[in-house]
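Coordinate inspection notes
Given next are the chains, with one letter for each unit.
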Amino acid sequence: MDDASTKQGGIDAAGSFVVSVFDHDVHAIIGATADLNSQTSLRVDADIVQRTRLGAIGESTRNALNEGPEEDEDGGDGREFAVSGGYGLFNNDARAIVEDSFVDGNGERQHARLDAAGHVAVDAEIVVPFLGATNDGVNAAVTIDQFGLLSFESLLDGTHGLAGLVNVYARTLADGGDDSLSLALGLMITNATNYVVARIGEGAMVQTSDSFSASGQDVRVTALLDTFNVGAGQMSALNLSLPGFAEAINRGQKREGGSVQDFLKDIADPLGVSGKNAAGGTMLLTLGDHATVAEIADSARIGGSSWGLGNTIDVSAVSDIYDLALVQTGTASSQFGFSAAIAASNIKTDTRASIGEADITSGIVTVAANDTLDRVNILGAFLKGKQIGVGTSIGVNVIDQNVAAFVGRENRDSAALFADTVRQPLILNIGANADGDILSWVISGGLQGIGQSTAKANAKQLGPISLNVPVAVNNVTSDSIAYADSISGDLLGMSVNAASDIEVESVVIGGSFSVQTGGGVNAGKLNLSGAGAVGVNTVVTNVVAAVSSSEADVDLLNVQANDTSRVHVDAGGFAIAASLAPGNRVAASFGVSVAINDVSGSVLAEVSDSKLTSVSGDYLVLAASESETTALAIAGAASATPGNGSFGGAGAAAQNSVAKTINAIVSGGELNLNTQRLSVRTTDDSNVIADVGGVGIGVAAGPGASISGAVGISLAFNEVANELNAELNSVTVTTNGPVLVE
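If you're wondering where the values come from, they're calculated on a predicted model, not measured in any experiment.

Quick notes on the rules
Residues numbered from 1 in each chain as written. Predicted model: local features only at pLDDT ≥ 70, side-chain atom pairs only at ≥ 80, totals over all residues. Heavy atoms only, no water. Pairing = 2+ DSSP bridges. Helix = DSSP H or I, 4+ residues; strand = E, 2+ residues; numbered from the N terminus. 1 Å grid on protein atoms, 1.4 Å probe; cavity = no way out; pocket = protein on both sides within 12 Å on 5 of 7 lines; lining within 4 Å. Points joined across faces, edges and corners; volume = space filled by probe spheres on them. Nonpolar A, V, L, I, M, F, W, Y, C, P; charged D, E, K, R; others polar. Core = buried A, V, L, I, M, F, W, Y, C linked by side-chain atoms within 4.5 Å. Buried < 20%, exposed > 50% of the residue type's maximum accessible area, 1.4 Å probe, protein only. Salt bridge = Lys/Arg side-chain N within 4 Å of Asp/Glu carboxyl O. Polar contact = N/O pair within 3.5 Å; in protein donor to acceptor, adjacent residues only side chain to side chain. Patch = residues over 30% accessible without salt bridge, like charges linked within 9 Å, V, L, I, M, F, W, Y side chains within 5 Å. Areas by Shrake-Rupley, 256 points an atom, 1.4 Å probe, with all protein chains shown as cover. Lys, Arg positive; Asp, Glu negative; His and termini not counted. Charge placed at Lys NZ, Arg CZ, Asp CG, Glu CD. Contact = heavy atoms within 4.5 Å. Phe/Tyr/Trp six-rings, centres within 6.5 Å; stacked < 30°, edge-to-face > 60°.

Taken together, the five strands give an open sheet; going across it, the order is S2-S8-S12-S17-S19, and neighbouring strands pair in parallel fashion. With one partner strand each, in any of the chains shown, strand S2 (35–38) and strand S19 (359–360) form the two edges of the open sheet.

What follows is the structure, encoded as structure tokens:
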């Protein structure tokens, strides 16, 4: 019987695809004809709490987990195919609303009226909690305490309950052993839209009645979005369950010459795609569009005639999003292997807190918008083989973050509805803050040549080849805007602050190892290892704090715009090619790393077209940048052979390009400060650092003429084009105190 008749054949295929669609609306509405009075408090509340899980598993395996001896390289002719995929569409809409006024059929305007002895609250929120907060799959004791006998399910799913902690899950296996071809693909897409609105509508009258004592009265408008999502893509064989442990022990008892390594591989094998030719890739794609709005609309009237410092108006919009993507792929091959781990996101947030052209009788008024967006990619693609392996990990984040807090006109270029749009707040605090971490940690590594068998005399082998190039790209735009517009009355203090404190980081590591220890005189003639690492951050931050078109007595004025953003990229590419086979002619290795930061934007603190008077307090207009930008690139390559040629080449390049405008401006109008200080300042304490290193090593020790070479190149570039400007422009300043413009 010839060799061909003993080959394994056939096709094994497995696949799963899951679709999940949520459309979740919760609305709490007070109509414009409502007239509500309470001796305690009134609350309009719309809440959504949502827990979702989307998972797909596709497993095609012929030899199971580490089962059976490997065939020779002319072995099986079977084919393994596995696919897992899913799509999740999640739409949430939570609204707590007091409706706009309107003119009825009799020509009379109808206003919603809400009065209470305590607080009047309009609250809307959407919460997507971390699944582990209610189901601790890691701590079995806690799980049993919470769910009793049902908790044993977490010990039987192959992951010891860890799969129960993720919202999106894809596991794909194509374990063909020595089959001729194994292919695996995993793809999960989630598309989430969250819309949270808390609103007191146009013309509404809240806490205006004098039938209640003003003591203890307040008004609160709050919108909250709080989500925690974890996605995992996996190409590894996990058997972390009670049956899995029992099976591994049973196999160990039957296996001759078994080792601890064999036992561990039965439990968890990171190389989930295997065959003579094997390729696998997993991608997680996250799409998000989120709006969080808290507002008191135009023409609304808030507060009674006896309101004072003991009364408060709080308008708050908070968006807190955490999104984590974990992707791991692993491939084992004897001829050709490919492995790819990919995670990408496109997320937009709009967080806004505002009081429009309303009538605020008095009190302490706080308008705050806070947006925290954390997006983290952690990726790893790994290969192990005898001949050729190509791997990559790709992490991409596209972020559009918008934060605004204001009092007055939404469009400051439009005409005002009234001569005085916001009246009499005793203390006014306005703040907009953009925060969060946008991180991509990406690794790709390969090991080729280990265990390589003796080549046939007529084989046309190149020798082991390992190539790996991971890539991380972050594209982030973040705007934070706070302003007070058309303010009038007597204020003890007014504070307008905008800040950006985001961190953007890329860490990219590529490693390739090509080692040839066997083959004798028939060893591969070329032993090649190449690794690259590319990290790119493109970041635009705009921070604005302003007061415009106001006429008021303001004892203390503080207008500040602060940029403390941090942008980092670290890239490292390392390659080693080594041969102990005397038949090897050439060993070559290449390591390349590229780290790029492109940072731009503006920081503006401004008072314009306003007439402000102070009796006892200072005025400060400050635009400050304390941002940090760093780039690190390291590359290394080493090659050695007993043959005739060896070359190691490494190149590393890092570039920082930073261009920001930092302006503090007072223009138009009048400032009357008595004996107080006026400070108009800009500061730039930014740090920009680029570090690089490249090392190449080549060693050849063959008989006769031998050539060895090594090249190491490193380049670093910093380009900083920041512009600072502090100015008084077309404004009348009257004061006996100091004036500082710097």
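Turning next to empty space enclosed by the protein. For the structure shown, the criterion picks out two cavities of 30 Å³ or more. What the largest cavity holds in volume is close to 360 Å³. Secondary-structure elements contributing two or more residues to the lining of the largest cavity are strand S5 (79–98), strand S11 (181–200), strand S13 (218–235), strand S16 (273–296) and strand S18 (312–355). Tallying contributions element by element places S16 first for the lining of the largest cavity, with six residues. A class-by-class count of the residues in the lining of the largest cavity yields 13 nonpolar, twelve polar and two charged.

Judged by nonpolar contacts, the single largest core of 91 residues is most densely connected at Ile296, Ile313, Ile355 and Met494. In terms of residue count, S18 provides more of this core than any other element does, seven residues in total. Counting residues in hydrophobic clusters, the runner-up holds 27 residues, among them Ala170, Leu284, Ala341 and Val569.

Applying the stated criterion across every chain yields a total of 14 salt bridges. Between Asp123 and Arg220 there is a salt bridge, and its shortest N-O distance comes to 3.1 Å. Here Asp123 is found in strand S9 (residues 119–128), whereas its partner Arg220 is found in strand S13, with 97 residues between them in sequence. Here Arg375 ties to Asp323 by a salt bridge, and the two come within 2.4 Å at their closest N and O atoms. Remark: Asp323 occurs in strand S18 and Arg375 occurs in strand S20 (residues 364–385); sequence separation between them is 52 residues. Each of Arg43, Asp45, Asp123 and Arg220 takes part in one network of salt bridges that share partners.

Moving on, we come to the side chain of Ser548. By secondary structure assignment, the location of Ser548 is in strand S28 (residues 526–548). Look at Ser548 and you get buried, because its relative accessible area is 5%. In terms of polar contacts, Ser548 uses its side chain to reach the side chain of Asp485, at 3.0 Å.

Attention now goes to a negative patch on the surface. A contiguous patch of negative charge on the surface is contributed by Asp490, Glu551, Asp553 and Glu670. Residue position: Glu670 is located in strand S35 (residues 645–674). Classification of Glu670 by relative accessible area gives partly exposed; the value is 32%.

This part takes up the pairing of strand S21 (residues 388–407). If a strand is regular, its side chains alternate between the two faces of the sheet. In the sheet, S18 pairs with S21 via 20 bridges, with the strands oriented parallel. From the neighbouring strand, Thr349 faces S21, where its bridge partner is Gln401. Inspection of the sheet shows S21 paired to strand S24 (residues 465–468) by four bridges, in the parallel sense. Among the inter-strand pairings, Gly389 is bridged to a residue of S24, identified as Ser466. Note: S21 against strand S25 (residues 471–485), 14 bridges, orientation parallel. Bridged to Ile394 within S25 is Val471.

On to the environment of Asn729. The topology assignment puts Asn729 in strand S39 (residues 723–729). Since its relative accessible area comes to 36%, Asn729 is described here as partly exposed. Sequence separation of Asn729 and Gly668 is 61 residues, and the distance between their C-alpha atoms is 6.6 Å. If we ignore the near neighbours within four places in the chain, the residues touching Asn729 are Val666, Ser667 and Gly668.

Looking at the secondary structure, you find Glu503 in strand S27 (residues 493–516). For the pair Glu503 and Thr564, spaced 61 residues apart in the sequence, the C-alpha separation amounts to 8.9 Å. For Glu503, the contacting residues outside a window of four places in its chain are Gly436, Asp437, Ile438, Arg566 and His568.

On to the packing of aromatic side chains. Applying the stated criterion across every chain yields a total of four aromatic pairs. On the basis of an interplanar angle of 45° and a centroid distance of 4.8 Å, the ring pair of Phe130 and Phe228 is categorised as tilted. In this pair, Phe130 sits in the loop between S9 and helix H1 (140–147) while Phe228 sits in strand S13, placing the two residues 98 residues apart along the sequence. Under the relative-accessibility criterion, Phe228 is labelled partly exposed at 27%. Seen in terms of ring centroids, Phe406 and Tyr483 are 4.9 Å apart; in terms of plane orientation they differ by 10°. Their pairing is stacked. Of this pair, Phe406 sits in strand S21 while Tyr483 is found in strand S25, placing the two residues 77 residues apart along the sequence. With respect to class, Phe406 is no different from Tyr483; both count as buried. Three or more aromatic residues joined by ring pairs form one cluster here, namely Phe130, Phe228 and Tyr322.

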